[in-house]
Structures are given as structure tokens and as C-alpha cells.
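Each chain, written out:
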Amino acid sequence: MEIEIYADVVCPWCYIGKRRLEQALASYDGEVTVRYRPFQLDPTPVTAPQPLLDALAAKFGGQERAQSMAGQVTQVAAEVGLTLNFDRAVSANTFDAHRLVRFADGHGRAGDVVEALYRAHFTDGVDVGSPEALVALAVSVGLDETETREHLASHAGRREVAADLATAHQLGVSSVPTFVLAGKYGVTGAQEPETLLAALTEVAQRESAG
């Protein structure tokens, strides 16, 4: 079964959803292929990175509200073994990060790059909109530095990522993570592993039945 994950690497619930899916797959007997599809929570260009909490405060009505939201999601993330350091995270446009994921997919390393991007943004406070940071992350999972740098410096993958983003909107993806199972069954949100496992099992049964 193919599982497509529409997500953004600066979305904490997408990070949690990825981990919960991995927990579900650990108990799933069937074979799956995971594909990472791009989505941008905010496609606005980021001219200079700013503390993520400041960006959230401006968007959601003040520092108190931003701190409260961050605290809640940090607690949920900790329950699945993830460390979110909102006080270190910086805002970033993720278009090039999605280009890097697509590039890595061609080398069989998309999952490794996605994991590295989440950890860099949420745990280590890395600016994942920075080309230099993206190159360093690629190298850390075994991709070639020169090839990665040349890819990001070129226009390669721009049209394809833009087309994928458009496809997400055409499919009606408006919140992430969204999991598309077997190309036609959608599950939205960072669902519990048990819920995801049940969905996987039901879809497998439906597909095998015809």
C-alpha cells in the first residue's frame, strides 16, 4: 500500500503525525511505501528569520496565546518521544526544504531528510530556509554535498514542487498532516497510532476485496 503524507516540515503536528504513523506501522503486517508530499502552512517569503514564537504571537494574538499553544503541542510531542524547543525555533519558508526532500527521494533518502528537517527546526533551532543549513542536513544523512548544493542553487525541482503544492490544494488538502492511503482514502490530522492502524487495516481489506 502506498501512503502519501501531505505535510510541512515546520508543522509540529506533522512531526507528531509522522511518529505516530511509524508507531502504527510497527504493528502493521502489510507492506507499505511512504511518499512525502509537500504542503506549505505559509508560502510567504521570509526575508530574515525571526523567533518562531514571535511569528506565532503576531499570527495568533499575542505572546501569551503563542506560549500556550507551544506548551500544549510540546507536551503531546513528548508523549511520542519528540523534543520541541519552541524557544529556539525560527520561522522559515519551506519551499527549498521541499525541493530537498524531492531531491533526496531520488536517492532513496527522503524519509531521512524529512526526519532531519523536523529535528533541525523543532529541536535544534536551525533555519531550514537557509540553503547552507539544507546542504548540511543533506550531508548528515549521506547525500553528496556538491550535488546537493548544485541542485539547490539551480531551478531544479521548482516546477515539480509547485505542481505538487497545487495538486494538494486541488485534492482539498487544507490542514496537515493528511495521509492518503492507496491513492483514495484520506485521514486528516495527527491521529493516534491505533486509529491509523485501524485505517490501514480497513483500507487493506477494501483493496483486497476488489
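Residues numbered from 1 in each chain as written. Predicted model: local features only at pLDDT ≥ 70, side-chain atom pairs only at ≥ 80, totals over all residues. Heavy atoms only, no water.

Quick notes on the sheet that holds strand 3 (residues 178–181)
Here four strands make up an open sheet; going across it, the order is 2-1-3-4 and the pairing mixed. Where the open sheet ends on each side, the last strands, each with one partner, are strand 2 (33–38) and strand 4 (185–188). Averaged over all pairs of adjacent strands, the angle between their axes in this sheet comes to 20°, without regard to strand direction. Here strand 1 (residues 2–7) runs beside strand 3; their pairing, made up of four bridges, is antiparallel. Bridging across to strand 3, Ile 3 finds its partner in Leu 181. Most of the contacts of helix 8 (residues 158–170) go to strand 2, to which it runs at about 95°, and overall it touches strand 1 and strand 2. (Pairing = 2+ DSSP bridges. Helix = DSSP H or I, 4+ residues; strand = E, 2+ residues; numbered from the N terminus. Axes fitted to C-alpha atoms, helices over the stretch in contact; angles between N-to-C directions. Contact = heavy atoms within 4.5 Å.)

Description of the nonpolar core
Generally speaking, soluble globular proteins have nonpolar side chains that are buried together. Counting 62 residues, the largest nonpolar core has Ile 16, Phe 86, Val 113, Leu 117, Tyr 118, Phe 179 and Leu 181 as its most contacted members. The dominant element in this core, judged by the number of residues it contributes, is helix 5 (residues 110–122), at eight residues. Beyond its immediate stretch of four places on either side in the chain, Ile 16 contacts Val 73, Val 76, Ala 77, Val 80, Leu 82 and Ala 190. (Core = buried A, V, L, I, M, F, W, Y, C linked by side-chain atoms within 4.5 Å. Buried < 20%, exposed > 50% of the residue type's maximum accessible area, 1.4 Å probe, protein only.)

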